[in-house]
Amino acid sequence: MNIIAIIPARMGSSRYPGKPLALIHNVPMVGHVTFRTAMSTVLSDTYVATCDSIIEDYCKNAGLKCVMTGDHHVRCSTRTAEALLKIEAATGKKADIVVMVQGDEPMVRPEMIDAAVRPMLDDPSINVVNLMADMDTLEEFEDPNEVKVVVDRFDNALYFSREPIPSRKKGSDKVPMRKQVCIIPFRRDYLLRFNEMEESPLEIYESVDMMRILEYGEKVRMVPTDCRTWSVDTPEDLARVARLMEGDDLMKAYSK
């Protein structure tokens with residue numbers, strides 16, 4: 001199968017402008033994400049999708065593939081779809097699966113990509129997958145920058161929220177505290193269909209685009225990962241990730 005990863009990145013983030021090129025151990029964050037994603041054994045190729053020439057220049061200098069997109073995109077998924085169609089036109093090859101990897105996940109590991117794609121290889125009825133990870137602290141559980149998820153008995157998402165779900169108000173300290181990890185494989189045609197769906201009310205209220213799929217009565221398969229990651233939404237997150245990545249075993253393969 002032709003499985004490609006696309007990493008949408010833009011300098012104009014509302015919460016942390018310029019973060020794709022923020023340095024972590026002397027490597028821009030988007031570089032960490034791209035180099036580490038490309039190590040996955042299931043991928044045919046890996047691309048950055050951006051509207052910023054400064055990111056394109058970095059990718060060229062670092063030997064990374066980059067696709068320029070329009071600057072009108074509000075959603076990562078529409079930027080990813082535009083890049084997908086440009087890649088297909090340039091290569092003459094249609095993709096089967098597109099793995100959208102958020103550009104603010106510098107601790108991504110190749111085995112996470114492999115795990116996210118595996119259910120789609122095993123079951124052709126699965127159209128979209130998200131990773132999920134356990135949270136160890138109430139600080140993380142209550143952080144609105146972390147998207148929480150609850151699942152059914154078959155690991156299909158029931159609901160996503162930036163609020164702490166499920167509720168701990170009944171005094172239980174044993175509720176599952178799981179967060180979405182933004183490594184999201186789509187079947188190629190489903191990504192295009194997803195972008196044609198009208199935005200849904202809960203998607204807007206929660207600011208979580210996967211809610212659109214649930215509100216249309218369709219499924220998002222969640223895959224647990226034991227890999228510990230932290231997304232970067234603030235300068236404080238960047239400092240935390242820099243500490244966590246000290247001595248990282250993958251960095252030596254691409255950092256100088």
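Residues numbered from 1 in each chain as written. Predicted model: local features only at pLDDT ≥ 70, side-chain atom pairs only at ≥ 80, totals over all residues. Heavy atoms only, no water.

### Some thoughts on the environment of Val151
Here is step 1 of the chain: Relative to the helices and strands, Val151 resides in strand S8 (residues 148–151).
Here is step 2 of the chain: According to the relative accessible area criterion, Val151 is buried, its value standing at 16%.
Here is step 3 of the chain: Setting aside residues up to four positions removed in sequence, Val151 forms contacts with Met132, Asn156, Ala157, Leu158, Arg178 and Met222. (Helix = DSSP H or I, 4+ residues; strand = E, 2+ residues; numbered from the N terminus. Buried < 20%, exposed > 50% of the residue type's maximum accessible area, 1.4 Å probe, protein only. Contact = heavy atoms within 4.5 Å.)

### Details of the pattern of salt bridges
Here is step 1 of the chain: What the rule picks out here adds up to 19 salt bridges.
Here is step 2 of the chain: Arg75 serves as the salt-bridge partner of Glu199, at 3.4 Å between the closest nitrogen and oxygen. In this pair, Glu199 is assigned in the loop between helix H6 (188–196) and helix H7 (201–206) and Arg75 in the loop between strand S5 (66–68) and helix H3 (76–91), connecting sequence segments 124 residues apart.
Here is step 3 of the chain: Judged by relative accessible area, Arg75 falls into the buried class, the value being 19%.
Here is step 4 of the chain: Salt-bridge contacts for Glu139 lead to Arg240; the nearest nitrogen and oxygen are separated by 3.3 Å. Of this pair, Glu139 sits in helix H5 (residues 138–141) while Arg240 sits in helix H9 (residues 235–244), placing them 101 residues apart in sequence.
Here is step 5 of the chain: Judged by relative accessible area, Arg240 falls into the partly exposed class, the value being 22%.
Here is step 6 of the chain: Among the charged side chains, a salt-bridge network with shared partners connects Arg75, Glu199, Glu203 and Arg212. (Salt bridge = Lys/Arg side-chain N within 4 Å of Asp/Glu carboxyl O.)

### Topic: the packing of aromatic side chains
Here is step 1 of the chain: Taken as a whole, this structure holds two aromatic pairs when the rule is applied.
Here is step 2 of the chain: With a centroid separation of 5.1 Å and 10° between ring planes, the pair formed by Phe35 and Tyr254 is classed as stacked. Placement of Phe35 in helix H1 (residues 29–37) and of Tyr254 in the segment after H9 is noted, with a sequence separation of 219 residues between them.
Here is step 3 of the chain: Phe35 sits in the partly exposed class, given a relative accessible area of 22%.
Here is step 4 of the chain: For Tyr254, a relative accessible area of 11% gives the class buried.
Here is step 5 of the chain: An angle of 40° between the planes, with centres 5.7 Å apart, marks the rings of Phe186 and Phe194 as tilted. Take Phe186 and Phe194: they sit in the same class, and that class is buried.
Here is step 6 of the chain: Directly above the ring of Phe194 sits Arg212, whose terminal nitrogen or CZ lies 4.2 Å from the centroid.
Here is step 7 of the chain: Note that Arg240 overlies the ring of Trp230, its terminal NZ or CZ placed 3.8 Å from the centroid. (Phe/Tyr/Trp six-rings, centres within 6.5 Å; stacked < 30°, edge-to-face > 60°. Lys NZ or Arg CZ within 6 Å of the ring centre and 35° of its normal.)

### Points about the layout of surface pockets
Here is step 1 of the chain: Its boundaries defined by the atoms lining it, the largest pocket holds a volume of some 950 Å³.
Here is step 2 of the chain: Lining the largest pocket are 34 residues; nearest its centre among them are Arg15, Cys76, Gln102, Asp104 and Arg162.
Here is step 3 of the chain: In terms of residue count, the dominant contributor to the lining of the largest pocket is strand S10 (residues 178–181) (three residues).
Here is step 4 of the chain: Its residues assigned to classes, the lining of the largest pocket comprises 12 nonpolar, 10 polar and 12 charged. (1 Å grid on protein atoms, 1.4 Å probe; cavity = no way out; pocket = protein on both sides within 12 Å on 5 of 7 lines; lining within 4 Å. Points joined across faces, edges and corners; volume = space filled by probe spheres on them. Nonpolar A, V, L, I, M, F, W, Y, C, P; charged D, E, K, R; others polar.)

### Observations regarding the pairing of strand S9 (residues 157–161)
Here is step 1 of the chain: Two strands pair when backbone bridges link them, and S8 and S9 are joined in this way by four bridges, in the antiparallel orientation. Bridged to Val149 within S9 is Phe160.
Here is step 2 of the chain: Where S8 folds back onto S9 in an antiparallel hairpin, the turn is made up of five residues, including Asp155, whose phi is positive at roughly 65°. (Pairing = 2+ DSSP bridges.)

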